[in-house]
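Structural overview
Listed here are the chains, written in short residue letters.
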Amino acid sequence: MLRFAAVFSALRLLRAAPLWLGAGILLLTPAAQAQLSIEVTGSGARQIPVAIADFSVLSGSAEQGAALADVARRDLEQSGLFRVVNAEGVRSDESSPVEYALWKERGADAFAGGSLSLASGRIEARFRLYDVTRQAPLTGAAFLTDVAHLRAAGHRVADTIYETLTGERGVFSTRIAYVLKTAGRYHLQIADADGHNAQTALISSEPVISPAWSPDGTRIAYVSFENKKPIIFSHSLLTGTRQVLANFKGSNSAPAWSPDGTRIALVLSRDGHSQIYLINANGGGLTRLSNSAGIDTEPQFSADDAFIYFTSDRGGSPQIYRVAAQGGMAERITFTGNYNVSPSLSPDGKNLAFITRQDGAFRLAVMDLASRQTQILSDSSKDESPSFAPNSRMIVLATEMGGRGTLSVVSIDGRVRQRLSVPAGDVREPAWSPFPR
Amino acid sequence: MKKFSRFLFFFLSAAFSLFLLSGCGTTGAPAETSGAPVEDRAQIAPIETSGINSSTLPSALTDPSSPLSRRSIYFALDRYDIAEEYRELVTAHARFLIANPQFKTLIQGNTDERGSREYNLSLGQKRAEAVKQMLMLLGAQESQIEAVSLGEEKPRAEGHDEAAWAENRRADLLYSGEF
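Everything quoted here is computed from the prediction, not taken from an experiment.

What follows covers the overall build of chain B. Helix and strand counts for chain B stand at five helices and six strands. Listed N to C, the secondary structure of chain B is α-β-β-α-β-α-β-α-β-α-β in terms of helices and strands. A total of 179 residues make up chain B; the buried ones form 46% of that total. Within chain B, counting contacts between residues at least 6 apart in sequence, those at least 24 apart form 73% of the total. As displayed, chain B offers around 9600 Å² of accessible surface, 58% of which is attributable to carbon and sulfur atoms.

What follows is the structure, given as structure tokens:
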């Protein structure tokens, strides 16, 4: 496993626009606005050199064209799989002839140029991507967005370039939910995958854990301790309202959505100890799934809805098991070591990420489910809560740096690494969103 | 049918060519000539939770000289059974619950900070359940008792050493008005 330790890019992030509600009351404190900043600490073995010219602006300001190109450049650079070739001073749009000789000389394998135009208050970003070696266009696309969401168009441009050149879907337009603890308060935050545009869905003086995205990306289920005990809420990001999903006697925790979003697996202690149940997304139709004498917790549906993976101490130490989603005999999945917890399944069904304890250190491990081979992907000691990106290539997890909680993003081959942190806060409990619809 | 298909093909080709020409200048068209809308994300409006205010309790539960003012039961590492030294304390609370059937107790189990938050929540639950079971064996009614877990989320000691971890392996009894 190759590890590239030198930090080659530390990016200061822009301040997000303040968040306003209804009649114009500013609801966010400066602390809650704290942005995640990304540091790239490792990169792919081979980086594709790509040049992106500032977008020419047909109507609007030149800064917008530069800003949009910059979003796409940073996205690609932070992915660790691209090297951004200097395109300063080059004016080009999607229709101008490409100076292939120039890009070849600068070492770019691919070149992208595009334009912005304003139409009835919206921005249309058009661009085309070229193969410099073959001197031929590869693809092109146009995206329409409102002026306030110019960054979103930049992410879409980066997604298109990423997918064309790597063959897999990019995650630059996705989001990450996490819990920020700062000044004794807990904030459920939703930020773009590049750390920008962090917004607060919930502020509480009591802990919030285990956020879980609905498959359509419109809701987050989480566990809140605001009533002196753990209760599960289902929170709509569209309306900013929430419902109690489970408040049974005892503890209610570990929500996980089924792939079709109709059911939620959860853990209740109503029958005396932690067991896994299923409930409809509207809170009805409770059924018990697991029936063991020990602890069963941290359920996760497989993407094909066939299995529920979970943590259980039925064999004497916490290990990961799986059971058919309709119930039945459980099959043990992890065997190495005496502490394997927090399963997270890759959406492509190939890999299982989990946390394993080695000599008292908690580390990220990834198992290839076909071969059952496991690789340890970190050398830190306080890894927690892994969550796969929707393209199955990256994993976000919580870890600790200098006594503070930070998030870490690691590729499944362990090569690409990023660190996401907030200057004055503890960041934990990350959950990567599904692809936008 | 075949004729119709051919017609449709020509019609679509012609339409597509026009579409390309009108959309995109002369050097060839981007794959999508009209803008695909980028998802407009509604601004997320935060909710702020409100806590619970505790009211006053009978002095028997709060007077430092009363055994009932002691509300914490500590557990050894990886242990979920009630140690001998806490039997008297739990017995006193069971007697209080029997004598005051209108009172309810919430038992909150806790763990140290090491390991998975959700797994620790389940371990804290085991500690709370152990206290609940003992209270019931001694005659308190199940309807008076709720056992829950705070896992590692509410450490009483904030440190990261053995002393802090020992302080946090604990179950606390709260009474009606405190939860």
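Past the structure itself, the notes keep going.
Let us now look at the sheet that holds strand β29 (residues 373–376) of chain A. Residue and element names in this part refer to chain A. Strand order in the open sheet made by the four strands is β26-β27-β28-β29, with antiparallel pairing throughout. Because the sheet does not close on itself, it has two edges, and the strands there are β26 (340–345) and β29. Neighbour-to-neighbour, the strand axes of this sheet turn through a mean angle of 30°, independent of strand direction. By the bridge criterion, eight bridges tie strand β27 (residues 351–358) to strand β28 (residues 361–368) in an arrangement that is antiparallel. Counted as the bridge partner of L352 is M367 from β28.

Pairing between sheet strands relies on hydrogen bonds along the backbone, with the strands arranged either parallel or antiparallel. Residue and element names in this part refer to chain A. Strand order in the open sheet formed by four strands is β14-β15-β16-β17, and the pairing between neighbours is antiparallel. Pairing within the sheet leaves two strands with one partner each, and these edge strands are β14 (208–213) and β17 (242–246). The mean inter-strand angle of the sheet, taken between neighbouring strand axes irrespective of direction, is 25°. As paired strands, strand β15 (residues 219–224) and strand β16 (residues 231–236) are joined by six bridges and run antiparallel to one another. By the bridge assignment, S224 is partnered in β16 with I231.

Residue and element names in this part refer to chain B. Per the stated rule, a full pass over the model turns up 32 salt bridges over all chains. Between D81 and R79 there is a salt bridge, with the nearest N and O atoms lying 2.9 Å from each other. When its relative accessible area of 42% is taken as the criterion, R79 is described as partly exposed. For the salt bridge of K132 with E142, the shortest nitrogen-to-oxygen distance reads 3.1 Å. Of the two residues, K132 is situated in helix α4 (residues 117–137) and E142 in the loop between α4 and β5 (145–151); the sequence distance between them amounts to 10 residues.

The next subject is the pairing of strand β4 (residues 105–110) of chain B. Residues and elements named next belong to chain B. Across the six residues of β4, six count as buried, placing the element largely inside the fold. With burial as the criterion, each face of β4 is covered, one bearing T105, I107 and G109 and the other bearing L106, Q108 and N110. In this fold, the crossover linking β4 to β5 by way of α4 has right-handed handedness. In terms of strand pairing, β4 meets strand β6 (residues 170–175) through six bridges, oriented antiparallel. Bridging from a neighbouring strand, Q108 pairs with D172 of β6.

Inspection of the entire model under this criterion finds five cavities of 30 Å³ or more. One number sums up the size of the largest cavity: a volume of about 200 Å³. In terms of lining residues, the largest cavity is bounded by 17 residues, among which S79, V171, F172, Q418 and W432 of chain A are the most central. In terms of residue class, the lining of the largest cavity is made up of nine nonpolar, five polar and three charged. Both of domain 1 (46–166) and domain 2 (177–432) of chain A provide at least three residues apiece to the lining of the largest cavity. Counted as a void, the second largest cavity has a volume near 50 Å³. What lines the second largest cavity is K249, G250, S269, R270 and G272 of chain A together with E129, K132, E146 and A147 of chain B. For the lining of the second largest cavity, the residue count by class is one nonpolar, three polar and five charged.

A few words now on the pairing of β15 of chain A. Residues and elements named next belong to chain A. Counting buried residues in β15 gives six out of six residues, a clear majority hidden from the surface. Alternating residues of β15 divide into R219, A221 and V223 and I220, Y222 and S224, and every residue in both groups is buried. Examined bridge by bridge, β14 and β15 share four bridges and lie antiparallel to one another. In the strand pairing of β15, I209 is matched with V223. Between β15 and the antiparallel strand that follows it, β16, lie six residues; K228 among them carries a positive phi value of about 70°.

For the structure shown, the criterion picks out 14 aromatic pairs over all chains. Between Y339 of chain A and Y119 of chain B, the aromatic rings sit 5.9 Å apart at their centres with planes inclined by 85°, giving edge-to-face as the arrangement. Of this pair, Y339 of chain A sits in the loop between β25 (331–332) and β26 while Y119 of chain B is found in helix α4, placing the two residues in two different chains. Residue classification places Y119 of chain B among the buried residues on the basis of a relative accessible area of 5%. Between F96 of chain B and F103 of chain B the ring centres are 5.2 Å apart and the planes differ by 70°, which places this aromatic pair in the edge-to-face class. This pair shows no difference in class: F96 of chain B is buried, exactly as F103 of chain B is. Clustering of aromatic rings is evident, with ring pairs tying together Y100, W103, F111 and Y130 of chain A.

Conventions and cut-offs
- Residues numbered from 1 in each chain as written.
- Chains lettered and ligands numbered in written order.
- Predicted model: local features only at pLDDT ≥ 70, side-chain atom pairs only at ≥ 80, totals over all residues.
- Heavy atoms only, no water.
- Helix = DSSP H or I, 4+ residues; strand = E, 2+ residues; numbered from the N terminus.
- Buried < 20%, exposed > 50% of the residue type's maximum accessible area, 1.4 Å probe, protein only.
- Contact = heavy atoms within 4.5 Å.
- Areas by Shrake-Rupley, 256 points an atom, 1.4 Å probe, with all protein chains shown as cover.
- Pairing = 2+ DSSP bridges.
- Axes fitted to C-alpha atoms, helices over the stretch in contact; angles between N-to-C directions.
- Salt bridge = Lys/Arg side-chain N within 4 Å of Asp/Glu carboxyl O.
- Right-handed = clockwise from strand over helix to strand, strands pointing away.
- 1 Å grid on protein atoms, 1.4 Å probe; cavity = no way out; pocket = protein on both sides within 12 Å on 5 of 7 lines; lining within 4 Å.
- Points joined across faces, edges and corners; volume = space filled by probe spheres on them.
- Nonpolar A, V, L, I, M, F, W, Y, C, P; charged D, E, K, R; others polar.
- Domains from an automatic or database assignment.
- Phe/Tyr/Trp six-rings, centres within 6.5 Å; stacked < 30°, edge-to-face > 60°.

Everything listed here is a matter of geometry and, on its own, says nothing about what the molecule does.
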